[in-house]
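What follows is each chain in one-letter form.
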Amino acid sequence: MFGMMNPQSRIRSGLVFAVCLLLLNFRSSLMLHAEEFNYDESKVPPYTLPDLLKCEDGTVVDSADVWNTKRRPELLQMFEEHVFGTLPAGKIPLRTRVRSSVPDALDGKALRREVTVFFADDDNGPHMDLLIYTPVNATKPVPAFLGYNFNGNHAVEKDPRIHLTDSWMRNNKDIGIEDNKATEASRGSEASRWAVSTIINRGYGLVTIYYGDVDPDVDDGFKNGIHSLFEKGDSPRAGDAGGSISAWAWGLSRALDVLESDKAIDARKVAVFGHSRLGKTSLWAGATDQRFAMVIANESGCGGAALDKRIFGETVSRINTSFPHWFCINHRKYNNHEAAMPVDNHMLIALSGPRPVYVASAQEDTWADPYGEYLGLYHAGPVFKLFGKSVFESDKMPAVDTPMQVDVAYHMRTGKHDVTDYDWEQYLKFADTHLR
Ligand code: GTR
């Protein structure tokens, strides 16, 4: 058609044609984007969950004993191989040093300590700072919550005496972080997520750690953080070598090692808590370390409590693209192939059973798939039942702001992706039942 036109009309038509093409492309990329994630319950494709109570060799798990001795170890190994990866076994000697001790924190109600845990002989090697609050009026070691914070220990309470972390931080203009370094402006910036006074008033301890102390949340080829302890040289990474979630879970276990000799805390009554990526972490920590007495996963979503085979909100492919360092390399095989995964997250939750597990969602947090989180817990039920525990009998989700607590617990609160006082109120109630 262009052949019969004069040169000027040819150029004009060519331009119109190119613009049309561009617009078409733009539209289809928008459509692709809009269709990439499913938020429509009626469009969730059918999926089949792997059988929690059938071993890979076909043995039926009909007792707590078969679960403990056969199915649990095999599932743990499958999560190591296909999802989180594993870190080389072997004990790392820990050294601790008290950095500060404030006997009258929180208006005199709490003893607040900062304890540095060194993972190497050299003080400049990998280390983490525990921020430990315990009630001053306790007459015996207290049960406690242990969990990572996102913005540094100094972000949990606005007190200039808390050490400003020197670990790498994600840039965040809202709190003045622009060159991956903590700033004075970030003090107290995460306080709304940690109901410290309420926790202390209720007779619990709180231990928190900046997650970036253990492994900076950045894809650097698994060199920084505690990876440097385990991965020497430049040999190619094994497909099942642990990613950041494994590293963070490892750090929680090392914190528990330290708490075992802390006189103020009852280490047999420590609930491991985490929000979002750190909720995935608390589930993996609960699975790998049975010393944790309770597991709380707040809005943990894809790779956490939500079923990955249920295509709703975040997908395996998206999470491995946005955060290539969280899971092991083998996990990428399941990008857009969730159906092929030999495990799903009802199994991850079951690995914490029969210890009490709390899964929580937020109504507006559709990215994390609240119903998928509920279903993860619901389908973990049969393992808890093997131990005589009570679980949810219906796959229907409870109404918003209607927590359900038996030997497992769930709530979906009003609002967005966050941790609020409402969430802590429910966790404390659950802990009162199971950790006292
Ligand atoms: C999101 C990620 C989620 C969740 C969240 C968080 O960007 O897609 O899986 O972990 O981050 O940790 O805040």
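What counts, and where the lines are drawn
Residues numbered from 1 in each chain as written. Predicted model: local features only at pLDDT ≥ 70, side-chain atom pairs only at ≥ 80, totals over all residues. Heavy atoms only, no water. Helix = DSSP H or I, 4+ residues; strand = E, 2+ residues; numbered from the N terminus. Buried < 20%, exposed > 50% of the residue type's maximum accessible area, 1.4 Å probe, protein only. Contact = heavy atoms within 4.5 Å. Areas by Shrake-Rupley, 256 points an atom, 1.4 Å probe, with all protein chains shown as cover. Lys, Arg positive; Asp, Glu negative; His and termini not counted. Charge placed at Lys NZ, Arg CZ, Asp CG, Glu CD. pLDDT = per-residue confidence, 0-100. Near = heavy atom within 4 Å. Polar contact = N/O pair within 3.5 Å; in protein donor to acceptor, adjacent residues only side chain to side chain. Nonpolar A, V, L, I, M, F, W, Y, C, P; charged D, E, K, R; others polar. Pairing = 2+ DSSP bridges. Axes fitted to C-alpha atoms, helices over the stretch in contact; angles between N-to-C directions. Core = buried A, V, L, I, M, F, W, Y, C linked by side-chain atoms within 4.5 Å. Salt bridge = Lys/Arg side-chain N within 4 Å of Asp/Glu carboxyl O. Disulfide = S-S within 2.5 Å.

Q: Could you clarify how one ought to interpret the overall build of the protein chain in this entry?
A: Along the protein chain, the regular secondary structure elements total 12 helices and 10 strands. Taking the principal axes of the C-alpha coordinates as reference, the protein chain spans close to 95 × 55 × 50 Å. Put simply, the protein chain has 436 residues, and 54% of those count as buried. If you take every contact in the protein chain between residues at least 6 apart in sequence, the share linking residues at least 24 apart comes to 68%. Of the roughly 19100 Å² of accessible surface on the protein chain, 54% is carried by carbon and sulfur atoms. If you average the places of the 47 positive and of the 58 negative side-chain charges in the protein chain, the two averages end up 1 Å apart.

Q: Got a minute to help me understand the confidence of the model for the protein chain in this structure?
A: For the protein chain, the average pLDDT comes to 93, and 92% of its residues sit at 70 or higher. Low pLDDT, under 50, characterises residues 1–5; the stretch is placed with six contacts to residues that sit more than four places away or in other chains. Segment residues 13–35 is flagged for pLDDT under 50; beyond a separation of four residues in sequence, or across chains, it makes three contacts in the model.

Q: Is there a simple way to explain the site of the ligand in this structure?
A: For the ligand, the full set of nearby residues is Ser276, Arg277, Lys280, Glu314, Ile319, Phe323, Trp326, Trp367 and His417. At 2.7 Å from an oxygen atom of the ligand is found a side-chain nitrogen or oxygen belonging to serine 276. In the model, an oxygen atom of the ligand is placed 2.5 Å from a nitrogen or oxygen of the glutamate 314 side chain. Starting from 320 Å² of accessible surface for the ligand in isolation, the protein chains cover 79%. Each residue belonging to the shell around the ligand can be placed in one class, and the counts come to four nonpolar, two polar and three charged.

Q: Would you take a moment to explain the sheet that holds strand β8 (residues 357–362) for this structure?
A: Hydrogen bonds between backbone groups are what pair the strands of a sheet, and the pairing can be parallel or antiparallel. Spatial strand order, β1-β2-β3-β5-β4-β6-β7-β8-β10-β9: 10 strands in an open sheet with mixed pairing. A strand with exactly one partner marks an edge of an open sheet, and here the two such strands are β1 (95–104) and β9 (404–405). Inspection of the sheet shows strand β4 (residues 142–149) paired to strand β6 (residues 265–275) by five bridges, in the parallel sense. Its bridge partner lying in β6, alanine 144 is registered against valine 270. Along the sheet, helix α7 (residues 244–259) contacts β1, β2 (110–118), β3 (127–135), β4, β5 (205–210) and β6; its crossing angle with β4, the most-contacted strand, is approximately 150 degrees. Helix α8 (residues 277–288) rests against β4, β6 and β7 (294–298) of the sheet, and its axis sits at about 140 degrees to β6.

Q: It is not clear to me how the environment of leucine 75 should be interpreted in this structure. Could you clarify?
A: Structurally, the position occupied by leucine 75 is in helix α2 (residues 64–84). As a C-alpha pair, leucine 75 and leucine 386 span 311 residues in sequence and 16 Å in three-dimensional space. With near-sequence residues (within four places) excluded, leucine 75 lies in contact with Leu52, Trp67, Val343, Met347 and Leu351.

Q: So what exactly am I meant to see when it comes to unusual backbone geometry here?
A: Note: most residues except glycine have negative phi, and most peptide bonds are trans. The step from glycine 353 to proline 354 runs through a cis peptide bond, and the omega angle for that step is -5 degrees. Following the sequence through the fold, proline 354 ends up in the loop between α10 (345–350) and β8. The phi angle at leucine 106 is positive, at roughly 50 degrees, despite the residue not being glycine. Topologically, leucine 106 is positioned in helix α3 (residues 105–108). Its identity as a non-glycine residue notwithstanding, aspartate 401 has a phi of 60 degrees, on the positive side. Tracing the chain through its elements places aspartate 401 in the loop between α11 (370–386) and β9.

Q: Any chance you could explain the side chain of asparagine 345 here in plain terms?
A: Tracing the chain through its elements places asparagine 345 in helix α10. Using a relative accessible area of 3% as the deciding quantity, one classes asparagine 345 as buried. For asparagine 345, the contacting residues outside a window of four places in its chain are Phe79, Gly303, Gly304, Ala305, Ala306, Leu307 and Asp308.

Q: Explain the nonpolar core to me, please; I cannot follow it from the model alone.
A: Looking at soluble globular proteins, one finds that nonpolar side chains tend to be buried together. If you look at the biggest cluster of nonpolar residues, it comprises 86 residues, and the most contacted ones within it are Phe79, Leu130, Ile226 and Trp284. The greatest single-element share of this core, amounting to 10 residues, is contributed by α7. In contact with isoleucine 226, not counting residues within four places along its chain, are Leu87, Phe119, Pro126, Val214, Ala247 and Trp250. Residues Val156, Ile162, Trp194 and Ile199 belong to the second largest nonpolar core, which totals 29 residues.

Q: Just to check I follow, could you spell out the environment of lysine 389 for this structure?
A: In this structure, lysine 389 sits in the loop between α11 and β9. Judged by relative accessible area, which is 32%, lysine 389 ranks as partly exposed. Remark: the alpha-carbon pair of lysine 389 and aspartate 407, spanning 18 residues in sequence, is separated by 6.0 Å. Excluding its chain neighbours within four sequence positions, the residues that come into contact with lysine 389 are Pro354, Phe384 and Asp407.

Q: Would you take a moment to explain the pattern of salt bridges for this structure?
A: If charged atoms from side chains of opposite charge come close, those side chains can pair. The final tally for this structure, using the stated rule, is 30 salt bridges. When the shortest N-O distance is used, the salt bridge between arginine 310 and glutamate 41 registers 2.7 Å. Of this pair, arginine 310 sits in the loop between β7 and α9 (316–322) while glutamate 41 is found in the loop between α1 (7–36) and α2, placing the two residues 269 residues apart along the sequence. On the basis of relative accessibility, which here comes to 3%, the residue arginine 310 falls in the buried class. Overlapping salt bridges bring together Arg254, Asp257, Glu260, Asp289 and Arg291 as one network.

Q: It is not clear to me how the state of the cysteines should be interpreted in this structure. Could you clarify?
A: Two cysteines joined by a covalent bond between their sulfur atoms form a disulfide. One pass over the full model with this rule turns up zero disulfides. The cysteine cysteine 302 is free of any disulfide, with cysteine 328 supplying the nearest cysteine sulfur at 14 Å. With a relative accessible area of 0%, cysteine 328 lands in the buried category.

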